[in-house]
Amino acid sequence: MREEIITSGRLNHKIDPMLHIWEWEIPLYLFLGGLAAGILFFAALYTIQGKELRFPNAIKKAPLIVPFLLIFGLLALFIDLNHKMYFWQLYTTIRLESPMSWGAWVLMVVTPASFIWAAIHLKDVFPSWEWPYEWLNFLEKFFIKHKLSLAWVMLISSLILGMYTGILFSAFNARPLWNTSILGPLFLTSGLSTGAAVNILFATTPEERRSFSKIDLMLIGIELFLIVHIFMGFLASTQVQIDAANLFLGGPYTAPFWVLVVFMGLVLPGVLEIMELKNFHIPVVIPVILVIAGGILLRFIITYAGQASRWLY
């Protein structure tokens, strides 16, 4: 008689009975990255389209907060790392098949671009601002001269960053809830929506506010469309995908997702924005806070529910 010993990673207490690898740091990082991508996308888009006079706050003011968003997001990511002193090894290679590699390198582009973009608009926002060194004035003039090229870099890299925040999850085949190609477009759309909401808050003219309200309404509609199709795909698939969908259809994440994310984070702010467009007086901060809260809760719920979904038993 021959005995066989099976060694399984499932014996790890962080894997059985539920995956416990990613905590609050990862969804916070994904949210801040998506929000930063949304703000930079609109700043770059309107610069390329030559609409600086029509959308001055979206181009000059809102992007000033992006470097801080990225710093806090990267700090959260750094806190999550087990081997913090080896993070630099991500930059010793490029693996096109790895979402982690894409994310690391696109952040190397987006982060300095956001600092440069904020720096060249400081004098527009703060007229009394003066650089302490002449070489900084030289750099400012150089990047202002090549502002259109910088805008194109930001436009492309912000789209990749927004998409990457969802693709990072969808690449995990072992987690049925995450293993859907719709997560990338969903997280990108959510990031653009929260970016539009922030621009509503920064807007100082009725035209700018109404334009971003219309954009946000469209993005909310796309998000709802993608959410519906995620569940349609799960329910038409194998039993593990059906079980993953059931986490939100009578399972433990039903109320948090449908009440906090879908209703309060998408439907309600959408209704409020429609009312504002119909000339009802709605405090602008209310739909903005609801959209942003819905965006961050979406990441948290998807992160934790995805770790609860599994293939075996």
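Each value, and the rule that gives it
Sequence positions are assigned chain by chain, starting from 1 and proceeding in written order. Local features are withheld for residues below a pLDDT of 70 in this predicted model, meaning they are given only at 70 or higher, and side-chain atom pairs are given and counted only at 80 or more; totals for whole chains, interfaces and linings count all residues. Here the side-chain values reflect all heavy atoms present in the structure, with hydrogen atoms and water set aside. In this scheme Phe, Tyr and Trp rings, the latter by its six-membered ring, pair at centre separations within 6.5 Å, and the angle between planes marks the pair as stacked below 30 degrees, edge-to-face above 60, and tilted otherwise. Helical segments are the DSSP runs of H or I of at least four residues, strand segments are the runs of E of at least two, and each set is numbered from the N terminus. Between buried and exposed lies partly exposed: a residue is buried under 20% and exposed over 50% of the maximum accessible area for its type, with that area taken using a 1.4 Å probe on protein chains only. Cation placement over rings: the criterion is NZ of Lys or CZ of Arg within 6 Å of the ring centroid and within 35° of the ring normal. The term salt bridge refers to a side-chain nitrogen of Lys or Arg lying within 4 Å of a carboxyl oxygen of Asp or Glu. To get an axis, a line is fitted to the C-alpha atoms, and for a helix only the part in contact is used. The angle between two axes follows their N-to-C directions and goes from 0 to 180 degrees. For classification purposes, an angle smaller than 35 degrees is called roughly parallel, one larger than 145 roughly antiparallel, one from 65 to 115 roughly perpendicular, and anything else oblique. Each crossing gets its handedness from the near helix: less than a right angle anticlockwise from the far helix is left-handed, clockwise is right-handed. Pairs of residues are marked as contacts when any of their non-hydrogen atoms sit within 4.5 Å. In this classification, the charged set is Asp, Glu, Lys and Arg, the nonpolar set is Ala, Val, Leu, Ile, Met, Phe, Trp, Tyr, Cys and Pro, and all remaining amino acids, among them Gly, are polar. Buried residues of nine kinds, namely Ala, Val, Leu, Ile, Met, Phe, Trp, Tyr and Cys, make up a nonpolar core once their side-chain atoms join them within 4.5 Å. To estimate how far a helix should extend, the number of its residues minus one is multiplied by 1.5 Å. This arc is built from the directions going out from the helix axis to the C-beta atoms. Patches draw on residues past 30% relative accessible area with no salt bridge. Two like charges within 9 Å are joined, as are two nonpolar side chains (Val, Leu, Ile, Met, Phe, Trp, Tyr) within 5 Å. Each accessible area is a Shrake-Rupley estimate made with a 1.4 Å probe; only the visible protein chains count as cover when residues are assessed.

### Some thoughts on the packing of aromatic side chains
Scanning all chains against the criterion turns up 18 aromatic pairs. Considering the side-chain rings of Phe231 and Trp258, the 5.4 Å spacing of their centres and the 40° angle between planes classify their relative orientation as tilted. Of this pair, Phe231 sits in helix 9 (residues 206-235) while Trp258 sits in helix 11 (residues 254-277), and the two are 27 residues apart along the sequence. Arranged with centres 4.9 Å apart and planes meeting at 70°, the rings of Phe248 and Phe257 form a pair that is edge-to-face. On the basis of relative accessibility, which here comes to 1%, the residue Phe248 falls in the buried class. The residue whose ring lies beneath Arg299 is Phe187, and the NZ or CZ to ring-centre distance is 4.9 Å.

### Let's talk about the pattern of salt bridges
In this structure the tally under the stated criterion is three salt bridges. Residues Lys147 and Glu52 are paired through a salt bridge, measuring 3.0 Å at the closest nitrogen-oxygen approach. Of this pair, Lys147 sits in helix 7 (residues 147-170) while Glu52 sits in the loop between helix 1 (25-48) and helix 2 (56-61), placing them 95 residues apart in sequence. Residue Arg54 pairs with Glu207 through a salt bridge whose shortest N-O separation is 2.9 Å. Pair noted here: Arg54 is in the loop between helix 1 and helix 2 and Glu207 is in helix 9, with a separation of 153 residues, a long-range link. We classify Glu207 as partly exposed; its relative accessible area is 44%.

### A look at the packing of helix 1 against helix 4 (residues 99-120)
Put simply, helix 1 and helix 4 touch, their axes get as near as 11 Å, and they point 55° apart. Classified by the angle their axes make, helix 1 and helix 4 are oblique. Viewed along their axes, helix 1 and helix 4 form a crossing whose handedness is left-handed. Across the interface between the two elements, Tyr29, Leu40, Ala43 and Thr47 from helix 1 touch Leu107, Val110, Ser114 and Trp117 from helix 4. Its residues assigned to classes, the contact of helix 1 with helix 4 comprises six nonpolar, two polar and no charged.

### Looking at the nonpolar core
Counting 74 residues, the largest nonpolar core has Phe212, Phe248 and Phe257 as the members making the most contacts within it. When sequence neighbours within four positions are dropped, the list of residues in contact with Phe248 reads Leu177, Phe231, Tyr253, Thr254, Phe257, Trp258, Ile301, Ile302 and Ala305. Leu64, Ala118, Trp131 and Leu136 belong to the second largest nonpolar core, which has five residues in total.

### So, helix 6 (residues 134-145)
The first and last C-alpha atoms of helix 6 sit 17 Å apart over twelve residues, in line with the 16 Å expected at 1.5 Å per residue. When helix 6 is considered as a whole, its buried residues turn out to be Leu136, Asn137 and Glu140. On an axial view of helix 6, the arc spanned by its buried residues comes to 100°, and they lie on one face. Those residues of helix 6 that are exposed and angled more than 90 degrees off the buried face are Glu134, Trp135, Phe138, Lys141 and Lys145. Where helix 6 is buried, its residues touch helix 4 and helix 5 (122-125).

### As for the side chain of Thr165
Mapped onto the elements of the fold, Thr165 is located in helix 7. Apart from residues lying up to four places away in sequence, Thr165 is in contact with Leu30, Gly34 and Phe187.

### Topic: the environment of Lys60
On the secondary structure map, Lys60 appears in helix 2. Along the chain, Lys60 and Asp124 lie 64 residues apart, while their C-alpha atoms are 7.4 Å from each other.

### Let's talk about a nonpolar patch on the surface
Together, Ile94, Leu96, Trp102, Leu148, Trp152, Ile156 and Ile160 give the surface a local cluster of nonpolar side chains, amounting to about 730 Å² of exposed area. Counting residues per element, the nonpolar patch draws most heavily on helix 7, which supplies four residues. Here Ile160 is to be found in helix 7.

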